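The residues making up each chain are set out below.
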Amino acid sequence: MDAAVSTLPLRLALVGVPNCGKTALFNRLTGSRQKVANYPGVTVERREGERTASDGRTLRVLDLPGTYSLKPTTLDEAITRDVLLGRVADAPAPDLVICVVDAVHLPIGLRLALEVKRVGLPMVLALNRMDVARRRGVKIDVARLSAELGVPVLPTVAVKRGGADALIEAIEPTRWPAARSVVAGQVAAQVTTNGRDPRGEDAEQTQADLRGVLSAIGYSPPVENHWAARVDALLLHPLAGILVLGVVMFLIFQAVFSWAAPLMDGIDSGMAALGGWVKAHMSEGPMASLLADGVIAGAGAVLVFLPQIVILFFFILVLEDSGYLPRAAYLLDRLMGWVGLSGRAFIPLLSSHACAIPGVMATRTIPSWRDRLTTIMVAPLMTCSARLPVYGLLIAAFIPREAIGPFNLQGLVLFALYAAGIVSSFAVAFVMKQFAGTRRYSPLMLELPDFQWPNLPNLLLGLWERVRIFVSRVGGIILALMILLWVLAAYPEPPPGATGPAIQYSFAGKLGALLQQLFEPIGFNWQISIALVPGLAAREVAVGALGTVYAMSATGDDLTAQLEPVIASGWSLATACSLLAWYVFAPQCLSTLAVVKRETNSWRYPIIMAGYLFALAYLAAFVTYRAVAAWS
Amino acid sequence: MLQQALVAVFVLAAAVFTSWKLMPARWRLRSLLGIDAWAAKHPQLGGWRERALKPRIARAGGIGCDGCAANTPRPPRSPR
């Protein structure tokens, strides 16, 4: 082999059934921080990372979506098949396949391994979760398995440091002459000429081969976990299970408000003190105003909500890692089917609580186009983390910090708002079902993962990622938008002899006055109307915009006032409730619309989505405003 | 005067950054490819091109999770 070929990067692909630990291994091999969770369907597109081999060569590692077979039924499974068969234009077939098999559930993974082996690519088999398999009495003769399959078999524990060392040794190019001596084009040719298309394989033959291998390696299945079976009997009970789910979600929202309050107060006071310090120590002028009114009042108003986001995601990550979420999906399957959603929509809709973008992308696991489209259209109704600052601000300003029995009233309201998002998504799906006509219900087929204690490093990493994303948004796009909003709110300067706040004479003030005519029927004042415009970039920007607009509107002693007391005294309860209702529906996130365009390959659906969500938001805000105004 | 000049710089930077972040992904990718083609003609920019520009182009090719900063793969600190 010539020198040019030997310096080409090697392409490695991780293949396996869903939830067998591919992404954990990918992270271990590449040092990446891709999302890992204890449920199937987390990876819906190929991801690529790199590591450097000991001889200096680059190993490009592909993490492929999980699949039970190379005969795909969903888009994400088709990606895996196409990459393996070298059918993707910019991704030649891999030089080496790492087939990941969960040792606890060996037969299901081994069946896929037999199919992958038939493709004809060089392969190693990673027998993952070997620690759990041993504990549960699974017997596997690893050497015999390697001999039966004719490929190296390496036991791994992907979630533990050093748990993939044997695999890392095995994928060194010096240990893998077959892969080193083959260039990408030759591999593709090999697949075309020698490898049979695995879709044509006889399923019964594969099953017979599987039985033969299992028998040869002396496989014994895991001992049944009676404790887990008893917990499952409770959690999957049609009534008790729903009750437990409701209680769990309720307690999470209670904790979000109760635990976060002291930290939020601390950040809020810190920001107010910083703004006051800047004003006191800088000579009066545009720079002082930009820092205090634009940067600190704007970005600081959003940063205050960091503790709530951390607490919410702590619980979500714990539920993900423990294996509870697929059980919740199973419980809600019948209800979701009734309103016209596929049971497979649960994971995408759950992901949408963090952000609608991964939620929309996760719909690739839904085989039916109609079901997938319905899920995409309702995903933005789930309360994403960007709405939390808006909800948090309004709840803190208008809902008293008091208890109703053992419960925190503010937590109750937050729970109700999250529930409103879920209920409205079900209602919209139900309406869409009526328009689409009667459909055959496609039942949920979901492998329930084993219960496990949340992995602490995984948990901390997940939390750190959420903090990093939130803080980088505050320090990035939110900060930049606040600076631009400050310019609009500060210029042109008021004419000589003007008596009102300077912002009234600015571009932003004039724009707000114009928009107020549109939003007056739903109770929004000109400050809210201005805040909605930069809020189109991302929902939480509206809170920062309110911070800046009110800081610029303040005069005299109010200059350093914090946002929460200002709106509490300046807005009516009806206006606050109207804005909350608006945010349950409003599609104020351009990125989500862009992803919907990409996933549906059409502008039609994002336009329909934006249109129906704006109409719903306006209607809900109008009804809420009128009802609360009449009642109060 | 100095305050006004500083404010102008901050506002200009914010305007460029916001436009970049909010522009459609296709335009962003096209702009990056244009910068890459220009940088390719200047050998002294080779290091910057490999280190900073290429990963951005790779990320700009996608959207959502592909393009999200949270999903930036990081190589291990030292090869094993």
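Residues numbered from 1 in each chain as written. Chains lettered and ligands numbered in written order. Predicted model: local features only at pLDDT ≥ 70, side-chain atom pairs only at ≥ 80, totals over all residues.

For the rest of this paragraph, the subject is the overall build of chain A. Helix and strand counts for chain A stand at 28 helices and eight strands. Counting every position in chain A, which comprises 632 residues, the buried fraction comes to 49%. In chain A, once contacts between residues fewer than 6 apart in sequence are set aside, the share between residues at least 24 apart is 73%. (Helix = DSSP H or I, 4+ residues; strand = E, 2+ residues; numbered from the N terminus. Buried ≥ 20, exposed ≤ 12 C-beta atoms within 10 Å, placed from the backbone. Contact = placed C-beta atoms within 7 Å.)

Turning our eyes to something else, we now look at the overall build of chain B. Regarding its fold elements, chain B presents three helices and zero strands. Secondary structure of chain B in N-to-C order comes out as α-α-α.

We now examine unusual backbone geometry. All names here are of chain A. A cis amide bond links tyrosine 491 with the next residue in sequence, proline 492, at an omega value of -5°. Tracing the backbone through its elements, the reader meets proline 492 in the loop between helix 21 (456–490) and helix 22 (507–519). Its identity is not glycine, yet asparagine 19 carries a phi of approximately 60°, on the positive side. Within the fold, asparagine 19 resides in the loop between strand 1 (10–16) and helix 2 (22–30).

Residue and element names in this part refer to chain A. Grouped together as the largest cluster of nonpolar side chains are 134 residues, with contacts concentrated most on Ile483, Val549 and Leu580. When residues of this core are assigned to their parent elements, the largest contribution, 15 residues, is made by helix 21. The next biggest cluster of nonpolar side chains, apart from the first, holds 58 residues, and it includes Leu29, Val119, Leu125 and Ala164. (Core = buried A, V, L, I, M, F, W, Y, C linked by C-beta atoms within 7 Å.)

The next subject is the pairing of strand 4 (residues 96–102) of chain A. All names here are of chain A. Most of strand 4 sits inside the fold, with seven of its seven residues counted as buried. In the sheet, strand 1 pairs with strand 4 via five bridges, with the strands oriented parallel. Looking at strand 4, one finds that leucine 12 is bridged to leucine 96. When strand 4 meets strand 5 (residues 123–128), the two strands line up parallel, connected through six bridges. Each residue of the ladder has a partner; that of isoleucine 98, found in strand 5, is valine 124. After leaving strand 4, the chain enters helix 4 (residues 106–119) and then returns to the sheet as strand 5, a path that is right-handed. (Pairing = 2+ DSSP bridges. Right-handed = clockwise from strand over helix to strand, strands pointing away.)

Here we take up the pairing of strand 3 (residues 58–63) of chain A. All names here are of chain A. Alignment of strand 1 against strand 3, held across five bridges, turns out to be parallel. Its bridge partner lying in strand 3, leucine 10 is registered against leucine 59. Note: strand 2 (residues 47–52) against strand 3, six bridges, orientation antiparallel. Each bridged residue has a counterpart across the sheet, and for arginine 51 the counterpart in strand 3 is leucine 59. Linking strand 2 to strand 3, which pair antiparallel, is a turn of five residues; within it glycine 56 sits at a positive phi near 90°.

Residue and element names in this part refer to chain A. Overall, the predicted model of chain A reaches an average pLDDT of 82, with 89% of residues at or above 70. Across chain A, element-level confidence peaks in helix 28 (residues 604–631) with a mean pLDDT of 93 and bottoms out in helix 9 (residues 184–193) with 43. Low pLDDT, under 50, characterises residues 179–200; the predicted model gives this stretch 41 contacts beyond four residues in sequence or across chains. Low confidence marks residues 556–560, where pLDDT is under 50. Its contacts with residues over four positions away, or in another chain, come to six contacts. (pLDDT = per-residue confidence, 0-100.)

So, on to the sheet that holds strand 4 of chain A. Two modes of strand pairing occur in sheets, parallel and antiparallel, and in both the strands are linked by backbone hydrogen bonds. Residue and element names in this part refer to chain A. The mixed open sheet is built from six strands, whose spatial order is 2-3-1-4-5-6. Only two strands of the sheet have a single neighbouring strand rather than two, namely strand 2 and strand 6 (153–155). Taking each pair of neighbouring strands and ignoring which way they run, the sheet shows an average axis angle of 25°. Packed on one face of the sheet, helix 4 meets strand 1, strand 4 and strand 5 and runs near 165° to strand 4. Along the sheet, helix 6 (residues 142–149) makes contact with strand 5 and strand 6, crossing strand 6 at roughly 150°. (Axes fitted to C-alpha atoms, helices over the stretch in contact; angles between N-to-C directions.)

Quick look at the packing of helix 14 (residues 306–322) of chain A against helix 21 of chain A now. Residue and element names in this part refer to chain A. Close contact between helix 14 and helix 21 brings their axes to 9 Å; oriented N to C, the two are set at 145°. The two elements helix 14 and helix 21 cross, and the hand of that crossing is right-handed. For the pair formed by helix 14 and helix 21, the contact residues are Leu306, Ile309, Val310, Phe313, Phe314, Leu317, Val318 and Asp321 on the first element and Asn458, Leu459, Gly462, Leu463, Arg466, Val467 and Phe470 on the second. Split by residue class, the contact of helix 14 with helix 21 holds 11 nonpolar, two polar and two charged. (Left-handed = near helix turned anticlockwise from the far one by under 90°. Nonpolar A, V, L, I, M, F, W, Y, C, P; charged D, E, K, R; others polar.)

Residues and elements named next belong to chain A. For the pair helix 27 (residues 590–600) and helix 28, the least separation of the axes is 7 Å and the interaxial angle reads 140°. Of the two elements, helix 27 crosses helix 28, and the hand of that crossing is right-handed. From helix 27, Leu593, Val596, Lys597 and Thr600 reach across to helix 28, where they touch Tyr605, Pro606, Met609 and Ala610. Broken down by class, the residue content of the contact of helix 27 with helix 28 amounts to six nonpolar, one polar and one charged.

For the rest of this paragraph, the subject is the confidence of the model for chain B. Where the model shows low pLDDT, its predicted coordinates should not be examined in detail. Residues and elements named next belong to chain B. When pLDDT is averaged along chain B, the result is 76, and 75% of the positions lie at 70 or above. This model gives residues 63–80 a pLDDT under 50, and the stretch forms 38 contacts once residues within four places in sequence are excluded. Taken over the whole predicted complex, pTM reads 0.72, whereas the ipTM for its chain interfaces reads 0.78.

Another aspect to go through is the environment of leucine 235 of chain A. Its location among the elements puts leucine 235 of chain A in helix 11 (residues 226–235). Setting aside anything within four residues of it in sequence, one finds leucine 235 of chain A in contact with Gly241, Val244 and Arg327 of chain A.

Attention shifts here to helix 3 (residues 75–84) of chain A. Residue and element names in this part refer to chain A. With seven of its 10 residues buried, helix 3 lies for the most part within the structure. Residues of helix 3 that are buried include every one of Asp76, Glu77, Ile79, Thr80, Arg81, Val83 and Leu84, and no others. Residues of helix 3 that are buried sit in contact with strand 1, strand 3, strand 4 and helix 4. Glycine 86, located one to two residues past helix 3, shows a positive phi value of around 65°.

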